[in-house]
Amino acid sequence: MALPQLPSFLATRSLGTDEIGRDPAAALLRLYSWMQLSRSADNRILELFRQGLIKGTVTGGQGNESLCVPLALLADKSIDVVSFTHRDLGGHLVWSGHPCDHLNQYLANSGSPTRAREGNIHHGDPAHRSLPMISHLGAMISNVAGAADSQRRLGRPAVGLAFFGDGGSSTGDIHETMNLASLLSLPVLFVIQNNRYAYSTPLAEQYAAGTELWRRAAGYGIEGMSLDATGDVLATARALGDAIDRVRATSRPMLVEAHTLRLRGHAAYDTGDYLAPGENEGFLARDPLPATRRKLAELLGKERADAVDAELAAFLEACVKVSLAVPRPDPAGMETELHAPDPGPLPWRPEPSAPAQLNLAQALNLGLRKILTERPESLVLGQDIGTYGGAFKVTEGLLKEFGRPRVFNTPLAESACTGYAIGLALNGHRPIEEFQFADFATEATTQITLNAATMHFRSGAACPLVLRLPCGGGLTFGSFHSQELEAFFLSMPGLKGIYPSTPQDAFNALLAAYEDPNPVILFEHKGLYRRAKAPVAWDPAYRSVWQPRHVRAGDRATLVTYGEMTLVAEEAAKYFEDEYDAGFDVWDLRALAPLRLDAIRDSLRRTGRLIVLHEGRRTHGFGAELVARLTEEVFAELKAPPLRIAALDLPVPFAPELERAYRPTLETVIDRVAAWLG
Ligand SMILES: Cc1ncc(C[n+]2csc(CCOP(=O)(O)OP(=O)(O)O)c2C)c(N)n1
Ligand SMILES: [Mg+2]
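Residues numbered from 1 in each chain as written. Chains lettered and ligands numbered in written order. Predicted model: local features only at pLDDT ≥ 70, side-chain atom pairs only at ≥ 80, totals over all residues. Heavy atoms only, no water.

1. Details of the sheet that holds strand β7 (residues 254–259)
Okay, step 1: Pairing is parallel in the open sheet, where five strands are placed in the order β1-β2-β3-β7-β6. Each having just a single partner strand, β1 (81–83) and β6 (223–228) make up the two edges of the open sheet. With strand direction ignored, the average angle separating the axes of adjacent strands in the sheet is 20°.
Okay, step 2: Bridge count between strand β3 (residues 188–194) and β7: six bridges; the pairing is parallel. If you follow I192 over to β7, its bridge partner there is E257.
Okay, step 3: Across the sheet, helix α9 (residues 233–250) is in contact with β2 (160–165), β3, β6 and β7; its angle to β6 comes to roughly 165°. (Pairing = 2+ DSSP bridges. Helix = DSSP H or I, 4+ residues; strand = E, 2+ residues; numbered from the N terminus. Axes fitted to C-alpha atoms, helices over the stretch in contact; angles between N-to-C directions. Contact = heavy atoms within 4.5 Å.)

2. Looking at the site of ligand 1
Okay, step 1: Neighbouring ligand 1 are 14 residues, the closest being H86, R87, G167, G168 and Y197.
Okay, step 2: Between an oxygen atom of ligand 1 and a side-chain N or O atom of H86, the distance comes to 2.7 Å.
Okay, step 3: Y197 places a main-chain nitrogen or oxygen 2.8 Å from an oxygen atom of ligand 1. (Near = heavy atom within 4 Å. Polar contact = N/O pair within 3.5 Å; in protein donor to acceptor, adjacent residues only side chain to side chain.)

3. Some points on the coordination of the magnesium ion (ligand 2)
Okay, step 1: The coordination sphere of the magnesium ion (ligand 2), as far as protein atoms go, consists of D166 (OD), N195 (OD1) and Y197 (O), spread over 2.0 to 2.2 Å.
Okay, step 2: Read N to C, the donor residues that coordinate the magnesium ion (ligand 2) are spaced as D-x28-N-x1-Y. Separated by 29 residues along the polypeptide, D166 in the loop between β2 and α7 (172–184) and N195 in the loop between β3 and β4 (197–198) bring together distant segments of the chain. Here D166 matches N195 in class, with each residue buried. (Donors = N, O, S within 2.8 Å, 3.2 Å for Na, K, Ca; no water. Buried < 20%, exposed > 50% of the residue type's maximum accessible area, 1.4 Å probe, protein only.)

4. Examining the side chain of R375
Okay, step 1: Following the sequence through the fold, R375 ends up in the loop between α13 (360–374) and β9 (378–382).
Okay, step 2: A polar atom in the side chain of R375 sits 2.9 Å from the side chain of E377.
Okay, step 3: Apart from the residues within four sequence positions on either side, R375 is in contact with L346, P347, W348, R406 and Y514.

5. Describing the pattern of salt bridges
Okay, step 1: The full count for this structure, using the stated rule, is 39 salt bridges.
Okay, step 2: Note that D342 is salt-bridged to R543, the shortest N-O span being 2.7 Å. Note that D342 is positioned in the loop between α12 (302–324) and β8 (356–358) and R543 in the loop between β15 (534–536) and β16 (549–552), a separation of 201 residues in sequence.
Okay, step 3: D588 serves as the salt-bridge partner of R549, at 3.4 Å between the closest nitrogen and oxygen. On the criterion of sequence distance, the pair formed by R549 in strand β16 and D588 in strand β18 (residues 584–588) is long-range, its members being 39 residues apart.
Okay, step 4: Judged by relative accessible area, which is 0%, D588 ranks as buried.
Okay, step 5: Because the salt bridges share partners, they merge into one network encompassing R293, K302, D306 and D309. (Salt bridge = Lys/Arg side-chain N within 4 Å of Asp/Glu carboxyl O.)

6. A look at the sheet that holds β9
Okay, step 1: Taking strand neighbours across the sheet as the criterion, the seven strands line up as β10-β9-β11-β12-β14-β13-β19 in an open arrangement whose pairing is mixed. With one partner strand each, in any of the chains shown, β10 (407–409) and β19 (591–593) form the two edges of the open sheet. Across the sheet, the mean angle from the axis of one strand to that of its neighbour is 20°, orientation sign disregarded.

7. Describing unusual backbone geometry
Okay, step 1: Following E351, the chain continues to P352 via a peptide bond in cis, the omega torsion being -5°.
Okay, step 2: Mapped onto the fold, P352 is located in the loop between α12 and β8.
Okay, step 3: Here A593 and P594 are connected by a cis peptide whose omega angle stands at -5°.
Okay, step 4: Note on placement: P594 falls in the loop between β19 and α22 (598–607).
Okay, step 5: Residues other than glycine seldom take positive phi values, yet D384 does so here, at roughly 60°.

Laid out in C-alpha cells, this is it:
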C-alpha cells in the first residue's frame, strides 16, 4: 500500500530562529502541526494498545511535544546527532522517516525500523544519526557524545542532542558523560525533560540536594539554564535555538533543564493513584497544545486552524490504515543478522615484512601502531594510555607518535567511555578501547552487552569496536584484578571474542578484530604480556585467528584450551608423551566467539577422549559450553567421560599459595589428567 502523502504544512522539518522573528505565523503553524500530529499519534497508539494491536507497553509523550518538537525542528538534521527518549515520538516524527515507519515500530510488523526485534519507542534511524534507544535510562547519552565528536572529527560542525528525564538524571552514565563531554569539549546539548516524576517517584524522593537540576552544570564546568517548556512555544523554540547555536559555535556542552509535562501518567497501565488530589488537573491546565492552537487561530484564523486539524486527523487515520496492513514479521534471518556481515579484509600494507622478536605486549603495540598508521578512522582510548603508555605499557609511545586527538587518556568512567566509543563507531570511526584491567569492564556491562552487542540485531547499524581486556591471574593481584570474564561477557549475544596466546596471534588478532564490523573483545592475559619473545611480522593469513590453532598432534586425547593455559597444556602434553607415551591432540581455540569447532570435533572423533582446560571458573564456565558443543554430536563415539579442568568456584584469592590452589597449574593439570587416564 502506498504511503499517504504528508499534508503540505508538514513538508518542512526544519526551523531557524530567524524564521520565528520574520514570520511567526508560519513558524507557529509548523510547530503546532508537528506537535498536534505527535499528540494525536500518541493518543491513537494508546487506543491500538488497548485494542490489543500493540504489545508491550506505551509510554506516551503527551505533554512533552512542546520540547521535543521544537528541538527536532531546530536541529540541523544533515549533521546533528540525537537520541530520543520514550517521551519523544514528536521528535522521531520530525527527524526522519514517514509517520508510518514509526507506527510500524509500535505495531512490531515487518516494516518496523527495528525489524520488530524491539518494540515500543525503542528505535532510531542510525543512518540519519538518530541513535536507537535501549531501555536502560542514561545509556544513550554517551553514544550521542561519541557520534557528535565523530562528526566534529570529520569536520562537520554538529551538535548532539542528548535527552533524559529527571529520573534518568540520577544514573551514573549521565554524570560520567557530562564530565567527559566537558573534559573533551564535546558539542552536546544535554536536555533534562523534567516532568517531576520518575514513574511514580516524585522529585522530592529522587534528590536531596534541591530540585534545580540545571545547577549541576556548574559542577562540570559547563553552562546551564532552566526553561519552562510549557509556556509560549515560540519563546521556547527561540531559547532552545539560541542554546543549539551556542553549542554549535563553541563546541562546549551545555545543560538545559526543561520543565515539561507527563499528561497521561508513566505508561498505559498507570492509573496515577499516587498523585495528589487535583495534581493531574493542574498538569492538564498547563498543557501547551491548546494554548498553541488558540494562538494559531488568532494568527491564521479559526477556519485555517480547523482545516489543519481535520487534515492532520485524516492523514493519521490513513497512516494507521496503511501500517495495520503491513505483514507480520518473519523470524527468518534473525540468527544470521545478529552480527553485521563481514565486508572482507581491509587493504593492509604487507608490513612489517621482516620479523622482530617481540613479547605479546610489544606485538600488540606493533599492531596498534600499524592500525593508527594505516587507518585514519582509528583511535585509541583508555585510562593512563597516553604519556604513561598504559598499565602494561601496551600503548607506549603511541601518543607521541600519533597525537592527542587519536590517542588519549580517559577519566575513570568505563560506562560513559564505552558508550562514547559506541557513538564514535556508529558514525564511522573505529575506536580501540583499553580497559586497565578486564575486571573494570563490568562497569561498562550495559554498554558492552546490551547496547553495542545488540546494536546490529535491533537497528541494522554496524558497531565496530575493539575492547582490549587485560585479564587472567597468577600474578597475586587478587579478586578484582585477575578475573577471566569470557564466559560472563560472551554468554551475551552479539559479541565476538578472541583470546590469543602467542605474540604473532596477538598481532593478528588485533587486525582481525579491528576490521570486523562488530564489537570484538580481545582477551589479553597479563601473564603472557612479558612471557617469551617470538618472531612477529605481517601475516597474510592473519584472519586464521578466527579458527583454532592445532598446537600439537596426538591420538590419545583431544585437549582444548586457550589463553595462558595453552602454554600449560603444551607442557602437560609433553610430560604425558615422555612419561606415559600418550600423545595429546592439543588445540588453542583463539576465537571464543563465534566458536569454530569443526576441526576439533574431527580430532575428537579420532581420539574419543576430550579434555577441556581453562583458567576461568568451572560453574557456568566456558568449558561447559565447549564440552556440550564438542560431545553432543559424537557422544556415542566417546571412550571416556570428558574431563573439565578449570578454576574453583570462588573469587580469585590473593596470596600466591591460595591462588595456586584456585586456578589450574601444570601440577594440577598433570594430576587430574593422570587420574583420568587411569
Ligand atoms: C536504568 C533504568 N532503571 C529503571 C528503569 C525502569 N524505568 C523505566 S522509565 C522509568 C522512570 C523514568 O523517569 P524519567 O527519567 O523521569 O523519565 P519520564 O518517564 O518521567 O519521562 C523507570 C524507573 C529503566 N528503564 N532504566
Ligand atoms: Mg520524569
